[in-house]
Amino acid sequence: MIQFDVQVIIVYVLCLRFYASEVLLALEYLHMLGIVYRDLKPENVLVRDEGHIMLSDFDLSLRCTVNPTLVKSSSTHSQNGGSGGGAGILDEESAVQGCAQSSSFFPRLILPSKKNRKSKSDCGLFVNGSLPELMAEPTNVRSMSFVGTHEYLAPEIIRGEGHGSAVDWWTFGIFLYELLHGTTPFKGQGNRATLFNVVGQPLRFPENPQVSPAARDLIRGLLVKEPQKRIAYKRGATEIKQHPFFEGVNWALVRSATAPYIPEPVDFSRYASKETTPPVAEKKVVESSNGNDSNHSSSTDSAYIDFEYF
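Residues numbered from 1 in each chain as written. Predicted model: local features only at pLDDT ≥ 70, side-chain atom pairs only at ≥ 80, totals over all residues. Heavy atoms only, no water.

Topic: the environment of P202
- Here P202 is to be found in the loop between α6 (191–200) and α7 (213–222).
- A sequence separation of 17 residues divides P202 from P185, and the C-alpha atoms of the two residues are 9.3 Å apart. (Helix = DSSP H or I, 4+ residues; strand = E, 2+ residues; numbered from the N terminus.)

Have a look at this one:
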């Protein structure tokens, strides 16, 4: 039984890392397009029929501008600094100038012609024998909107200080924590208690299930309450990809890899009844419409008594 449990844990961790990798790539792609997602949670991560994921529900997304820049390889940053704090923050001298042609990404069909295209050596792409990294994090975006799900809201949103793309990395940390422990780290008895915990309570990990030190370190780096000190604040997904938790992941082949779980096709015909009967709620509306309108409005309003606005 002990050997079986260990095998189950190993398989689960591999599945979790696969889905976390694909969510990370999805957030990276959105940031490249100048889109801050702001609503990452398990309910918005859909599994396709081939086992790969896709994000849904973009009604809270924020559109902004982004200026992709090629920077020197961050291998020195990963050696000299950790995952949290200010490690990995680049200075202006690290940027490779003259290579980023535009602030948007174009399909290959409309790339500049070969005559106008610069060679890699002319652009200065090779730095100390290694290729540079693409930094496409919309760090200059600022929004004062109070949007999101309570358990996933970043502290800067709750405090009303204004927020940027770093809120997506906070929600990514909450997302990983929930996948590992089955609950969010700051959940309270109600919405107000949850918001208080996000702002004022430190991050804690339960004793069980035991989580690898690499996973805890990554979550701690993502759930830093000050966005300027949060991992990926400046370098975006590139910094998270280099974390030990994702060691061994072939990022170029993630989307073509075989998914660890292939969902079985759902036969929706078994859920459809032969005789369509009106729902109970609709029947109540019809009955109340024949009576007094005041009674109808009072019964309808009573359903919203416990609703809280933030």
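Next comes the rest of the description.
Details of the pattern of salt bridges
- For the structure shown, the criterion picks out 6 salt bridges.
- Across the salt bridge formed by K241 and E28, the nearest N and O atoms sit 2.9 Å from each other. Taken together, the residues K241 in helix α8 (residues 237–241) and E28 in helix α1 (residues 2–32) connect sequence positions 213 residues apart.
- Of the residues examined, E28 reaches a relative accessible area of 14% and is grouped as buried.
- In this structure, E156 and R230 form a salt bridge, with 3.0 Å as the shortest nitrogen-oxygen distance. Separated by 74 residues along the polypeptide, E156 in helix α4 (residues 155–159) and R230 in the loop between α7 and α8 bring together distant segments of the chain. R230 carries the same exposure label as E156, and that label is buried. (Salt bridge = Lys/Arg side-chain N within 4 Å of Asp/Glu carboxyl O. Buried < 20%, exposed > 50% of the residue type's maximum accessible area, 1.4 Å probe, protein only.)

Brief notes about helix α5 (residues 166–181)
- The end-to-end C-alpha distance of α5, which contains 16 residues, comes to 23 Å, matching closely the 22 Å that a straight helix rising 1.5 Å per residue would cover.
- Burial analysis of α5 places 14 of its 16 residues in the buried class, which makes it a mostly covered element. (Expected span 1.5 Å × (residues − 1).)

What about the packing of aromatic side chains?
- Inspection of every chain in the model, using the stated rule, returns 6 aromatic pairs.
- Counting every residue linked through ring pairs, the aromatic cluster contains F245, F246 and W251. (Phe/Tyr/Trp six-rings, centres within 6.5 Å; stacked < 30°, edge-to-face > 60°.)

Notes on the side chain of H163
- In this fold, H163 is placed in the loop between α4 and α5.
- We classify H163 as buried; its relative accessible area is 2%.
- At a separation of 3.0 Å, a polar atom in the side chain of H163 contacts the side chain of R38.
- Not counting the four nearest positions on each side in its chain, H163 is found in contact with R38, V141, R142, S143, S145, E156 and I157. (Polar contact = N/O pair within 3.5 Å; in protein donor to acceptor, adjacent residues only side chain to side chain. Contact = heavy atoms within 4.5 Å.)

Comments concerning the side chain of S56
- By secondary structure assignment, the location of S56 is in the loop between β3 (53–55) and β4 (62–63).
- The buried category is assigned to S56, whose relative accessible area is 18%.
- If we skip the residues at most four places from it in the chain, S56 touches Y37, N44 and L46.

A short note on the confidence of the model for the chain
- Residues at a pLDDT of 70 or more form 65% of the chain, whose mean pLDDT is 74.
- Contacts of residues 75–112 to residues separated by more than four positions or lying in other chains number 52 contacts, the stretch itself having pLDDT below 50.
- Taken as a whole, residues 281–310 scores under 50 in pLDDT and shows 8 contacts with residues more than four places along the chain or in a different chain. (pLDDT = per-residue confidence, 0-100.)

Quick look at unusual backbone geometry
- Here N208 and P209 are connected by a cis peptide whose omega angle stands at -5°.
- Among the secondary structure elements, P209 is positioned in the loop between α6 and α7.
- Positive phi, normally seen in glycine, also occurs at D57, with a value near 65°.
- Note on placement: D57 falls in the loop between β3 and β4.
- Of note, the phi angle at A232 is positive, near 75°, even though the residue is not glycine.
- Residue A232 is classed as buried on the basis of its relative accessible area of 0%.

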